[in-house]
Amino acid sequence: MPHTPASPPTGHFGQRLVDVIARRPSGLVGRWMYRDGPKAHEASFAAVLDALGPPHGEHVLEIGCGPGVLLQRILAAGGTAAGLDHSPDMLALCMARNQEAVADERLQLKLGDAAEIPWAQESFTAAVAANMFFFLYDPAKALRELHGVLTPGGRLDR
């Protein structure tokens, strides 16, 4: 997938550093930084949950779910959920954090890209995206995909 970010760091090393730490956390560094949940994201998680409101009865998709901290909170508040991330390492952390919900089929996780969401149209009543939208290579395409997987009247919170 040949994409070009809006303002990439200079050179291969800078690009790789952004990928490993933030855009596609992976390997030992990515797992170490995100295993307990990114503390710097707490305020934005709280804002997303506030905008979402009580997810009781909602079926929520999180794009860029990372290690699954926000999904864990959505599930604890009574919603069912799905998470999409393009980092296998982050999905592994998410699955470990939310293994009971995965086993109970309250949470579905998939590896993929926000520009090609691998769920059927009108699958979710709400979608959330926290701390990741600025990493998308094609935000307009991702928004079209998100709106496609929402039920009529479904909403997108960020």
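The structure under discussion appears in the preceding block.
As the structure is a prediction and not an experimental result, all values here were calculated from the model.

Explain the overall build of the protein chain residue by residue, including any values.
From N to C terminus, the protein chain includes seven helices and five strands. Secondary structure of the protein chain in N-to-C order comes out as α-α-α-β-α-β-α-α-β-β-α-β. Surface accessibility of the protein chain: about 8400 Å² in total, with carbon and sulfur atoms responsible for 58%.

Would you mind going over the nonpolar core in detail, with residue names and values included?
In this structure, L70, L71, I74, L107, L109 and V128 are the most contacted members of the largest nonpolar core, which totals 19 residues. Looking at this core element by element, the count peaks at five residues for helix 4 (residues 69–76). By size, the runner-up hydrophobic cluster in this structure holds 16 residues, among which are I63, A114, I117 and L136.

Give me the lowdown on the environment of G148, citing residues and values where you can.
Within the element layout of this structure, G148 appears in helix 7 (residues 139–149). Spatially, the C-alpha atoms of G148 and F124 are 9.4 Å apart, while their sequence positions differ by 24 residues.

Explain the pairing of strand 1 (residues 59–63) residue by residue, including any values.
Both faces of the sheet carry side chains from a regular strand, because those side chains alternate between them. Burial of strand 1 is extensive: four of the five residues sit out of reach of the surface. Examined bridge by bridge, strand 1 and strand 2 (residues 80–85) share five bridges and lie parallel to one another. Residue pairing for strand 2: H59 is matched across the bridge by T80. In this fold, strand 1 hands off to helix 4, which returns the chain to strand 2; that crossover is right-handed. Of the pairings in the sheet, the one linking strand 1 to strand 4 (residues 124–129) comprises four bridges and is parallel in character. Directly across from I63, in strand 4, lies its bridge partner A129.

An account of unusual backbone geometry is requested, with residue identities and associated values reported.
For E105, which is not a glycine, the phi torsion comes out positive at approximately 60°. Structurally, E105 can be placed in the loop between helix 6 (99–103) and strand 3 (107–111).

Cut-off values and rules
Residues numbered from 1 in each chain as written. Predicted model: local features only at pLDDT ≥ 70, side-chain atom pairs only at ≥ 80, totals over all residues. Heavy atoms only, no water. Helix = DSSP H or I, 4+ residues; strand = E, 2+ residues; numbered from the N terminus. Areas by Shrake-Rupley, 256 points an atom, 1.4 Å probe, with all protein chains shown as cover. Core = buried A, V, L, I, M, F, W, Y, C linked by side-chain atoms within 4.5 Å. Buried < 20%, exposed > 50% of the residue type's maximum accessible area, 1.4 Å probe, protein only. Pairing = 2+ DSSP bridges. Right-handed = clockwise from strand over helix to strand, strands pointing away.

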